[in-house]
Amino acid sequence: MFSDRRHPRGTLKDKRGDRRTPTTRGSTAVSDASGASTEVELVQLLTPEGVRVEHPEYSFDGDDDQIRDWYRDMVLTRRIDAEATALQRQGELGLWASCLGQEAAQIGSGRALLKQDFVFPTYREHGVAWCRGVDPIDLLALYRGVNLGAWDSEATRFHLYTIVIGAQTLHATGYAMAVERDGLVGTGDPDRDMAVVGYFGDGATSQGDVNEAFIFASSYNAPVVFFCQNNQWAISEPIERQSRIPLYRRASGFGFPGVRVDGNDVLAVHAVTTAALERARSGNGPSLIEAYTYRMGAHTTSDDPTKYRLADELEHWRLKDPIERVRAYLSRTAGGQHDFFATVEAEAADYAADLRRRCLALPEPRLLDLFDWVYVEQTPYLAEQQSRYAEYLTSFDDVEETGGSRLGLAEEGPAESAYRGIA
Amino acid sequence: MTVLTMAKALNAGLRRALEADPKVVIAGEDVGKLGGVFRVTEGLQKDFGEHRVIDSPLAESGIVGTAVGMALRGYRPVCEIQFDGFVYPAFDQIVSQLSRLHFRSLGQLRVPMVIRVPFGGGIGAVEHHSESPEAYFCHTPGLKVVTCSNAVDAYWMIQQAVASDDPIIFFEPKRRYHEKAEIDEAAAPAPLYAARVVRPGSDLTLIAYGPMVRTCLDAAEAAKQEGRDLEVIDLRSLSPLDMSVVAESAQRTGRVVTVHEAPLNLALGSELAARITEQCFYSLEAPVLRVGGFDTPYPPSRVEEDYLPDLDRVLDMVDRSLAY
């Protein structure tokens with residue numbers, strides 16, 4: 001899909017020589033005059049039953065150890081996700097956006113990244129965060145309301161979560177434009193050339209920002225990969241409400257290639273993402289990946305999917321579970337796996353228990369400190385508000401020593417009137 | 001010393017900024033070959049190249065959003081929004097993204113960007129080309145908002161804004177683009193966020209910014225004929241407000257009239273009235289009074305002169321203040 005014939009330098013696959021294929025296999029994936037789809041192609045290398053299959057354009061070149069590593073990544077991601085959901089149910093997080101069911105899309109793409117690549121995530125990319133070395137406690141801190149997601153985005157090459165749908169795709173594109181200006185594409189040095197990935201969901205494809213990002217990336221040939229996890233649902237709105245054509249075909253209208261990959265197939269996602277990243281790094285511009293997957297959980301812990309979708313649908317997708325198919329493959333192909341699976345399960349359980357402990361031990365933030373980060377150069381007015389608020393807080397010191405609130409409200413919790421008069 | 005129009009002064013200031021820091025880039029609609037619809041960026045693409053002076057697709061959210069991405073990689077983008085009324089498609093990127101990244105990251109990220117917006121009316125334009133949207137941005141924590149009223153300030157303030165590590169919305173009074181002033185490139189500029197008394201007086205303080213500074217100076221001159229000595233303050237920075245200059249003047253004259261083109265409701269005049277009342281209550285001889293556009297959408301251009309504050313509207317409010 002990413003072998004763009006207009007660019008003779010082509011992709012990694014082009015360099016290998018004999019893989020140049022038309023952008024569609026035969027005449028299967030064409031649109032009729034009305035734009036409606038005929039047959040939709042899906043790149044798959046590992047079936048839901050755990051059987052490896054060939055694809056004319058993409059292949060998995062690693063070994064079973066590699067697959068075991070990704071299995072571990074996916075199991076840990078799922079376990080962390082489950083722990084976070086449980087913590088929310090117990091009132092320890094304000095909200096959690098589960099990535100249940102999307103582990104292959106996230107680990108497959110996350111593990112395709114090179115160290116120097118840069119990621120702009122949504123708020124659900126917990127598996128990608130894992131691949132980038134973001135400590136899961138930092139994700140929990142955001143959803144606990146301790147901070148707004150303040151991990152070291154420079155060290156992890158993983159930007160802060162973006163909650164407004166699609167806004168980050170423009171940041172990814174602009175960052176990629178800057179990478180190109182820095183001369184970090186097409187040098188041929190694998191440690192130097194870099195790509196940028198903008199993650200988003202099917203719902204975001206309706207946003208203006210995503211469409212503008214496509215246009216800017218295309219116009220400036222920016223080294224960006226648009227990675228869309230089509231999990232079929234934008235809260236309660238099905239994909240049919242977002243698009244009348246398969247999402248990956250949108251790319252051709254913007255002038256770059258698009259591909260649909262089985263988003264529950266970690267091998268295929270890795271192969272497709274690797275090719276797209278290489279295309280970007282080598283200076284051949286943007287591309288769109290539609291990882292066809294399913295949101296097995298709710299949109300967030302505040303959502304109730306039983307109100308808008310049938311249980312049958314979930315059962316259907318359970319049969320395509322991204323982790324189960326890898327387990328089936330490993331069980332079948334290599335002997336003595338039982339210890340491996342048990343070890344990973346035990347590691348995940350320990351990790352989750354430790355994460356829970358660390359979550360409950362997160363220090364509470366102080367509003368007073370946050371005034372420091374509004375501006376690089378704080379304004380006099382804000383400094384005045386901060387110092388007045390500090391004085392106001394200090395005014396309670398004596399009262400606390402005598403065991404009560406000045407307003408007599410301490411036992412009943414904070415009352416709005418207690419905050420009256422804050423500058 | 002050079003005599004330049006405000007548009008040329010901004011051009012010269014941007015040129016200096018581009019020369020001073022290779023990370024400075026300009027992006028916007030028609031800013032390259034055309035030099036911008038007001039020619040503020042004329043010749044810059046020719047001299048600095050398409051990589052630094054970027055003709056953008058016609059998408060304001062895209063212009064600002066991609067600039068945020070570039071800033072995150074160490075660039076200093078200067079975005080041009082072609083007209084005030086076209087800034088709203090970029091509102092989410094400015095208010096929900098740009099303004100918050102430093103705060104969200106607990107100070108780890110810096111987004112040093114300038115968004116230039118020609119603003120205000122008086123040029124006989126069609127709808128959406130004469131707006132004064134400054135209050136929206138002043139209301140947003142994390143942004144700084146400045147505006148120049150003359151060519152000298154334009155030359156210096158744009159350079160200072162580009163050098164700032166905080167995101168800045170830079171409003172340019174488009175009807176003053178062609179007013180000239182003598183610029184001393186060797187002079188030391190005033191601090192970016194400092195207000196300035198542009199005409200001293202003792203009877204009443206007029207507070208204005210951008211296009212209304214000239215209007216207020218004309219009003220003060222006319223009032224002089226009637227024996228009234230009006231002080232005029234050019235705010236220059238709308239957020240933060242330089243209350244030291246404002247309060248000192250208000251305490252001295254005891255009477256304040258604020259003047260802007262923007263509608264009155266919850267505008268800069270409202271904030272000034274509140275802050276002056278808080279800080280100067282015992283010095284005031286009259287309530288702070290406000291002159292502004294009316295709380296209507298900006299009208300068709302054939303009646304815009306009736307809508308915009310002018311010398312008579314300002315002096316009428318001065319009379320009302322002095323009557324207390």
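None of these values were measured; they are calculated from a predicted model.

Student: Would you mind going over the nonpolar core with me for this structure?
Tutor: Across soluble globular proteins, nonpolar side chains show a tendency to be buried alongside one another. Counting residues in each nonpolar core, the largest one holds 191 residues, and the members touching the most others are Val272(A), Ile289(A) and Leu206(B). Counting residues per element, this core draws most heavily on helix α11 (residues 266-281) of chain A, which supplies ten residues. What Leu206(B) contacts, discounting residues up to four positions off in sequence, is Cys216(B), Ala219(B), Ala220(B), Leu230(B), Glu231(B), Val232(B), Val257(B), Val259(B) and Val314(B).

Student: Would you take a moment to explain the sheet that holds strand β11 (residues 230-234) of chain B for this structure?
Tutor: Working definition: the strands of a sheet are paired by backbone hydrogen bonds and lie parallel or antiparallel to each other. All names here are of chain B. Ordered by their spatial adjacency, five strands build an open sheet running β9-β11-β10-β13-β14, and the pairing between neighbours is mixed. A strand with exactly one partner marks an edge of an open sheet, and here the two such strands are β9 (196-199) and β14 (289-293). The mean inter-strand angle of the sheet, taken between neighbouring strand axes irrespective of direction, is 25°. Strand direction decides the pairing type here: strand β10 (residues 204-208) and strand β13 (residues 256-263), joined by three bridges, are parallel. If you follow Ile 207 over to β13, its bridge partner there is Thr 258. Lying over the sheet, helix α12 (residues 311-322) contacts β10, β11, β13 and β14, oriented at roughly 165° with respect to β14.

Student: Any chance you could explain the interface of chain B and chain A here in plain terms?
Tutor: One frequent convention defines the size of an interface as the accessible area lost when the parts assemble. Each side of the interface is counted separately: chain B has 33 residues, and chain A has 35 residues. At the level of secondary structure, the elements contributing two or more residues to the side of chain B that touches chain A comprise α3 (60-72), α4 (91-97) and α5 (101-104) of chain B. The element contributing the most residues to the side of chain B that touches chain A is α3(B), with nine residues. Of the residues assigned to the side of chain B that touches chain A, the class counts are 13 nonpolar, 14 polar and six charged.

Student: Is there a simple way to think about the domain arrangement of chain B in this case?
Tutor: All names here are of chain B. Domain annotation for chain B reports domain 1 (2-183) and domain 2 (196-322). If you average the C-alpha positions of domain 1 and of domain 2, the two centres end up 26 Å apart. Domain 1 puts 23 residues into the contact, and the matching count from domain 2 is 22 residues. Residue assignment for the side of domain 1 that touches domain 2 shows that the elements contributing at least two residues are α6 (134-138), β6 (144-147) and β7 (168-173). Considering each element in turn, the side of domain 1 that touches domain 2 owes the most residues, four residues, to β6. When its residues are assigned to classes, the side of domain 1 that touches domain 2 shows nine nonpolar, eight polar and six charged.

Student: Would you explain the sheet that holds strand β5 (residues 114-119) of chain B in this entry?
Tutor: Residues and elements named next belong to chain B. With mixed pairing, seven strands are arranged side by side in an open sheet as β3-β2-β4-β5-β7-β6-β12. Each edge of the open sheet carries a strand with a single partner, namely β3 (53-55) and β12 (237-239). Adjacent strand axes in the sheet meet at a mean angle of 20°, parallel and antiparallel pairs treated alike. In this structure, β6 lies alongside β12, joined through two bridges in antiparallel fashion. Its bridge partner being in β12, Val 146 is matched across the sheet by Ser 237. Helix α7 (residues 151-163) contacts β2 (24-28), β4 (76-80), β5, β6 and β7 of the sheet and is inclined by roughly 165° relative to β7.

Student: Help me out: how do you make sense of the packing of helix α7 (residues 167-181) of chain A against helix α8 (residues 208-219) of chain A in this one?
Tutor: For any two helices packed against each other, the geometry comes down to the angle between their axes and how far apart the axes lie. Residue and element names in this part refer to chain A. Contact geometry of α7 with α8 gives a least axis separation of 7 Å together with a crossing angle of 15°. The angle between the axes of α7 and α8 places the two elements in the roughly parallel class. The two elements α7 and α8 meet at a crossing, and its hand is left-handed. Contacts from Ala 167, Thr 169, Leu 170, Thr 173 and Ala 176 in α7 reach Asp 209, Val 210, Glu 212, Ala 213, Phe 216 and Ala 217 in α8.

Student: Sorry, what's going on with the packing of helix α2 (residues 64-89) of chain A against helix α13 (residues 322-333) of chain A here?
Tutor: Residues and elements named next belong to chain A. As a packed pair, α2 and α13 sit with axes 10 Å apart at the nearest point and diverge in direction by 145°. By crossing handedness, the relation of α2 to α13 is classed as left-handed. Contact with α2, carried on its side by Asp 64, Ile 67, Arg 68, Tyr 71, Met 74, Val 75 and Arg 78, involves Pro 322, Ile 323, Val 326, Arg 327, Leu 330 and Thr 333 of α13 and no other residues of that element. Residue composition of the contact of α2 with α13, by class: eight nonpolar, one polar and four charged.

Student: Would you mind going over unusual backbone geometry with me for this structure?
Tutor: With the exception of glycine, most residues fall at negative phi, and the peptide bonds are largely trans. Cis geometry marks the peptide bond from Ser239(B) to Pro240(B), where omega comes out at 5°. Among the structural elements, Pro240(B) can be located in the loop between β12 and α9 (243-253). With a phi angle near 50°, Asn221(A) is a residue other than glycine that sits in the positive phi range. Overall, Asn221(A) belongs to the partly exposed group, with 19 C-beta atoms counted inside 10 Å. You will see that Gln232(A), though not glycine, has its phi angle at about 80°, which is positive.

Student: Would you explain α13(A) in this entry?
Tutor: The periodicity of an α-helix, 3.6 residues per turn, causes residues three or four places apart in sequence to face the same way. Residue and element names in this part refer to chain A. Taking 1.5 Å as the rise per residue, α13 with twelve residues should run 16 Å; its terminal C-alpha atoms sit 17 Å apart, in good agreement. Of all the positions in α13, only Pro 322, Arg 325, Val 326 and Tyr 329 are classed as buried. Buried residues along α13 cover an arc of 100° about the axis, so they all sit on one side. The elements touched by buried residues of α13 are α2, α3 (103-110) and α11.

Conventions used here
- Residues numbered from 1 in each chain as written.
- Chains lettered and ligands numbered in written order.
- Predicted model: local features only at pLDDT ≥ 70, side-chain atom pairs only at ≥ 80, totals over all residues.
- Core = buried A, V, L, I, M, F, W, Y, C linked by C-beta atoms within 7 Å.
- Buried ≥ 20, exposed ≤ 12 C-beta atoms within 10 Å, placed from the backbone.
- Helix = DSSP H or I, 4+ residues; strand = E, 2+ residues; numbered from the N terminus.
- Contact = placed C-beta atoms within 7 Å.
- Pairing = 2+ DSSP bridges.
- Axes fitted to C-alpha atoms, helices over the stretch in contact; angles between N-to-C directions.
- Nonpolar A, V, L, I, M, F, W, Y, C, P; charged D, E, K, R; others polar.
- Domains from an automatic or database assignment.
- Parallel < 35°, antiparallel > 145°, perpendicular 65-115°, else oblique.
- Left-handed = near helix turned anticlockwise from the far one by under 90°.
- Expected span 1.5 Å × (residues − 1).
- Arc of directions from axis to C-beta.

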